[in-house]
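What follows is each chain in one-letter form.
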Amino acid sequence: MMNREGRATTPGNAARPDAFQTHSGHRALVQEEPLIFELGRPGKIGVDLPEPKGTQSRLGNTARRGFIGLPDLSEPEVVRHYVRLSQKNFSIDTGMFPLGSCTMKHNPRLNEKMARLPGFADIHPLQPQETVPGAFEVMDELARWLKVLTGMPAVAMSPKAGAHGELCGLMAIKAAIEARGEKRTRILVPESAHGTNPATAALIGFTVDSIPATPRGRVDLAAMKAKLGPDVAAVMVTNPNTCGLFENEVREIADAIHGVGGYFYCDGANYNAIVGRVRPGDLGIDAMHINLHKTFSTPHGGGGPGAGPVVFSDALAPFVPLPYVVSEAGGHRLVEHASEDPAAKPFGRMVAFHGQMGMFTRALTYMFSHGADGLRQVAEDAVLNANYILASLKDVYNAPFAASGPCMHEALFDDTAFEGVTTLDIAKALIDEGFHPMTVYFPLVVHGAMLVEPTETESKETLDVFIASMRGLAEDARAGKVERFKGAPFLAPRARLDETAAARKPVLRWEPPKRAEAAE
Amino acid sequence: MRYLPLTDADRREMLARIGAKSMDDLFADVPEAARLKSLVDLPRHKGELEVERIMGAMAARNMTASSVPFFVGAGAYKHHVPSSVDHIIQRSEFLTSYTPYQPEIAQGTLQYLFEFQTQVALLTGMEVANASLYDGSTGTAEAVLMASRITRRNRAVLSGTLHPHYAAVVETVCAAAGMEIVTLPARPLSREDFATLVDDKTACVVVQNPDVFGSVRDLSPIADIVHGKGALMIAAFTEVVSLGAVTPPGHMGADIVVGEGQSIGVGLNFGGPYVGLFAAKQQYLRQMPGRLCGETVDADGRRGYVLTLSTREQHIRREKATSNICTNSGLMSLAFTIHMSLLGERGFTRLAALNHEAACALASRLEKVPGVELVTPHFFNEFTLRLPRPAHEVVHALAGKGVLGGVPGARLWPGEKAVENLLVVAATEVNTETDRVKYEAALTEVLS
Amino acid sequence: MSETRFTEQHEWVRIENGVATVGITRYAAEQLGDVVYVELPAIGKKVEAEKEAAVVESVKAASEVYAPLSGEVVATNDALSADPAKVNADPEGEGWFMKIRLVNPGDAQKLMTRDAYDAFVKGL
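### Thoughts on the interface of chain B and chain A
Phase 1: Facing the 193 residues of chain B at the interface are 205 residues of chain A.
Phase 2: In total, chain B and chain A occlude about 17,100 Å² of area from one another, counting both sides; carbon and sulfur atoms represent 63% of this.
Phase 3: With a shortest N-O distance of 2.7 Å, Arg-116 of chain A and Asp-86 of chain B are connected by a salt bridge.
Phase 4: Applying the counting criterion to the chain B and chain A interface returns 98 residue pairs in polar contact (both at pLDDT 80 or more).
Phase 5: In terms of residues, the side of chain B that touches chain A owes the most to one element, helix α12 (residues 330-366) of chain B, which gives 25 residues.
Phase 6: In terms of residue class, the side of chain B that touches chain A is made up of 98 nonpolar, 54 polar and 41 charged.

Take a look at the structure:
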């Protein structure tokens, strides 16, 4: 009997049209997905809850009237919707994410597992203190690691993110100055600083005075000294700085600011470059926030949550905000009110409850996993990877500070080597190459900046592919293959988006279609 | 070390390419005296198994909410979160992505933020909502600063029924920003005379509904008084589930609504991370803090989403920004969005009804206990009891009997005699009739 | 009828009967990119020369617009709130920002002429 089921098992040579359109609008693994509001249909439900009994209401005159307008869907529809959305995102787990200053390193899943232990995830911040000794132990142990690693004597655990930590640090400085009976109004901030630095200083009433950078990409010490005076409250310096360089005159900066009675705030966003190798406490720093979501790898989660504990010198330690854990003979105790610790002078409270516990457990797990040896290796490999990229690309991309020596954990380039192809074009072309773009147009002190931070969790093999792609793009740019850049990305779920239209006529929420409205 | 892919051979080869003799060469900019020659005094690296043992031992020392009859609220609430929520937020593409600054490869994040903003606007009855803030308390401070920018006035009045931690955050941050903050005394059902408290320098009044004692009320009369003085009314909430049963602040005259979204999707987490919900009238859009996601089209005309109006933000405006906020609470807003989508209109309103019934059933039992008085006649899922003796002693005794009975006045307002005997009790859909019977019996026993 | 004068902050000014019409120059509009929002002062506001009087925003940048000369704001170009693109399309015409009744119209002589401004821009 002849078998009639034979099918072609080689690709054949059928034409593959460029602008191939599907009937569904989907493109194989990339599914077009409407808004959840366009998918709902009355009569469906995604949770099974018991029927209310119809008890006499005690809401008084406040019972809600009318519909909210939420869509109704079943569980499989909701799951598919959000899984499809997830597939439109780039992530560390899918590819290299060399986003300078943001430290996109591997997020170990052990950290997720530990944070979800019911003993951490299923406890209430206001349940009786005697029922949560293990939670205070986590906070105290994390605080101990942070203090030992930084060589600083005190830490405020509650800030919710880096910028919140900056606010905490500056408020402690403000409190310390007021405690001395002084009034100081000015804060010096280098031009290359993160935008959060001047924003934070201005928020609490300080005047921001900008310090220029030297041609070597460091704080201009002479210019800084010229701006010092008895009205200067603090200097805010990022170290390693936003150009990816270590401020080699950091001790001189500390001495200068201390010499006029001010404080040294360090933006610790780049602490991952020196963890285990350099202690900020040895550099004369008075306060520094630590982004647990950078150095200690709590996941960025598409833009938070973060956590920004702040370490303090002896001078600022008494002003640490409420609440905080103290270690006593009988165990740990949480101080939630100034009256519970008469020796301290907390400047106030940054947040309801005690901080980002879910991030504390993740960061502590990361620390235990790495240990003192692993953390030092983290800094070394991060710096090694960045210098490897710098050394491998500086002949084809302009690297403005390469002449002044090695970089730290990130390598800085710009687009001055090219004509007609800009930093933005290279970033978008990199998407087609399968990489997340580097940080672009930051720091502001370098025109057309491209800040590349590989992190320690990229292998040499991946770095080599990245380097080859970057070199290829540089070659295309030099060869004038402008069309390869201007329309990029060609292969992403979306082409370049019209940000001008979005900003001119903001549409910030879904509205039901007009027809449906008329029918109601 | 399992997280570090470089081999020693790689490191040697890379140093050679760089032209450095050793790692020390790369740290040459660090002052000699500050270079650590040896490891810091902390333990060496550990395998997963060992780490799990240490962390597990600490976790085991805590009494979890699911293991006992649990009635603790006052700003954080125990609810059931559907399994698919935690599954989806742990997908790599959500968990390990960054702020969506490259929209072509971040439509997943951007689209759920757009859905989140829509949900928050609908729930609060407001016109626009942002893509989340850290939590309800920091959001309240942001709201007060925003009111000050809008009105160009410098004083804020905080109701005594606002959660004391929220009030403390506002006092700390807004006073440092140069505002005068007046916080009224904490009293349940107090009739605060805003007509005399609000003057022509007052930017806003902050009220909470349901308030920290659990009371619900119509805010419209307060809104009328406040607006009559040219000030704004900020309405805060700590229990977002209430919006499924209670008239939303936007329908009661609020200008800015801020609240905690933890109840939906997030879990207790000992206080964080949570998710701050923030909504306002359209006319105040440009003074809003935090990220905003907007709809647009791509070069091929396809609908897509981008972060927008970012000239308000710190990375562009620097010292002139509306806020210093950089991070939002991305992953928690995703959890919120998924849980809310699973609930839908029917599920969310039913969840609210079940919470209210659970609280009514509990109140009916506890108000009969000799010596106990129900202070708050109108409530959603939380109410306040007056006990015959200091509530923190009672809470301690209840915990000894394996019941977590609520938050005592002394925990929220230490040293305030007038509220020392008050106990704030929360009930939700997770409580069973058995839990309530146990609570009633334990309370009866403790008070007898 | 008067000739257009310019500032180093890239504002232009044209004076008629003691009232100055003010906007930003073509060069400034090009540097900013697509203008998406303009914040204008209130009518009646007293503005001081070289002090902030308005704000102009593109997607990625925000800039202060300074009053070239001191005076009182007597009119603003409300059409810009509906259509900020006018600033890019016709910066020195339909894209004007505000009209200021000047305290000292003669001060305009201190500002740059078009030739001087063009040379200034060339040198940037």
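From this point, the discussion proceeds with the structure in view.
### Description of the layout of surface pockets
Phase 1: Considering only enclosed or pocket space, the second largest pocket measures out at about 1,400 Å³ in volume.
Phase 2: In terms of lining residues, the second largest pocket is bounded by 45 residues, among which Arg-149, Arg-152, Gln-287 and Thr-322 of chain B together with Glu-39 of chain C are the most central.
Phase 3: Sorting the residues of the lining of the second largest pocket by element identifies α7 (196-203) of chain A, α7 (136-151) of chain B together with β4 (35-39), β6 (52-58) and α2 (79-82) of chain C as the ones contributing at least two each.
Phase 4: The element best represented in the lining of the second largest pocket is β6 of chain C, accounting for five residues.

### Topic: the side chain of Asp-255 of chain B
All names here are of chain B.
Phase 1: Residue placement: Asp-255 occurs in the loop between β5 (232-237) and β6 (256-260).
Phase 2: Look at Asp-255 and you get buried, because its relative accessible area is 2%.
Phase 3: Within the structure, Asp-255 has its side chain in polar contact with the side chain of His-227 (distance 2.5 Å).
Phase 4: Within the structure, Asp-255 has its side chain in polar contact with the backbone nitrogen of Met-233 (distance 2.8 Å).
Phase 5: In this view, Asp-255 contacts Met-126, His-227, Leu-232, Met-233, Ala-280, Lys-281 and Tyr-284; residues no more than four positions away in its chain are not counted.

### Digging into the pattern of salt bridges
Phase 1: Summed over all chains, the structure comprises 66 salt bridges over all chains.
Phase 2: Note that Asp-300 of chain B and Arg-302 of chain B form a salt bridge whose closest N and O atoms lie 3.4 Å from each other.
Phase 3: Given a relative accessible area of 28%, Arg-302 of chain B falls into the partly exposed group.
Phase 4: Overlapping salt bridges bring together Glu-112, Arg-116 and Arg-362 of chain A together with Asp-86 of chain B as one network.

### Considerations on the interface of chain C and chain A
Phase 1: Across the boundary between the two partners, chain C contributes nine residues, which contact five residues of chain A.
Phase 2: For the chain C and chain A pair, buried surface summed over both sides reaches about 540 Å², with 49% attributable to carbon and sulfur atoms.
Phase 3: Ranking the residues of chain C by area buried against chain A places Asp-34, Val-36 and Val-59 of chain C at the top, with a combined share of 60%.
Phase 4: The closest approach of N and O atoms between Lys-60 of chain C and Glu-499 of chain A, which form a salt bridge, is 3.3 Å.
Phase 5: Remark: the boundary between chain C and chain A carries five residue pairs in polar contact (both at pLDDT 80 or more).
Phase 6: Broken down by class, the residue content of the side of chain C that touches chain A amounts to six nonpolar, one polar and two charged.

### Examining the environment of Glu-50 of chain C
Residues and elements named next belong to chain C.
Phase 1: Examined against the element boundaries, Glu-50 turns out to sit in the loop between β5 (46-47) and β6.
Phase 2: For Glu-50 and Val-65, which are 15 residues apart along the polypeptide, the C-alpha to C-alpha distance reads 8.9 Å.
Phase 3: Discounting chain neighbours no more than four positions away, the residues touching Glu-50 are Tyr-66 and Ala-67.

### Quick look at the domain arrangement of chain A
Residues and elements named next belong to chain A.
Phase 1: The domains assigned to chain A are domain 1 (111-366) and domain 2 (380-496).
Phase 2: Across the boundary between the two partners, domain 1 contributes 21 residues, which contact 16 residues of domain 2.
Phase 3: Carbon and sulfur atoms make up 60% of the area that domain 1 and domain 2 hide from each other, which totals about 1,500 Å².
Phase 4: On inspection of domain 1 and its partner domain 2, the count reaches one salt bridge.
Phase 5: Of the charged contacts, one joins Glu-380 and Arg-277 as a salt bridge, the two residues approaching to 2.4 Å between their closest N and O atoms.
Phase 6: Partitioned by chemical class, the residues of the side of domain 1 that touches domain 2 number nine nonpolar, eight polar and four charged.

### Structural notes on the environment of Leu-285 of chain B
Phase 1: Checked against the element boundaries, Leu-285 of chain B lands in the loop between β7 (276-280) and β8 (293-297).
Phase 2: Once the C-alpha coordinates of Leu-285 of chain B and Thr-109 of chain B are considered, the two residues, 176 residues apart in sequence, prove to be 22 Å apart.

Conventions adopted
- Residues numbered from 1 in each chain as written.
- Chains lettered and ligands numbered in written order.
- Predicted model: local features only at pLDDT ≥ 70, side-chain atom pairs only at ≥ 80, totals over all residues.
- Heavy atoms only, no water.
- Contact = heavy atoms within 4.5 Å.
- Buried area = accessible area lost by both parts, 1.4 Å probe.
- Salt bridge = Lys/Arg side-chain N within 4 Å of Asp/Glu carboxyl O.
- Polar contact = N/O pair within 3.5 Å; in protein donor to acceptor, adjacent residues only side chain to side chain.
- Helix = DSSP H or I, 4+ residues; strand = E, 2+ residues; numbered from the N terminus.
- Nonpolar A, V, L, I, M, F, W, Y, C, P; charged D, E, K, R; others polar.
- 1 Å grid on protein atoms, 1.4 Å probe; cavity = no way out; pocket = protein on both sides within 12 Å on 5 of 7 lines; lining within 4 Å.
- Points joined across faces, edges and corners; volume = space filled by probe spheres on them.
- Buried < 20%, exposed > 50% of the residue type's maximum accessible area, 1.4 Å probe, protein only.
- Domains from an automatic or database assignment.

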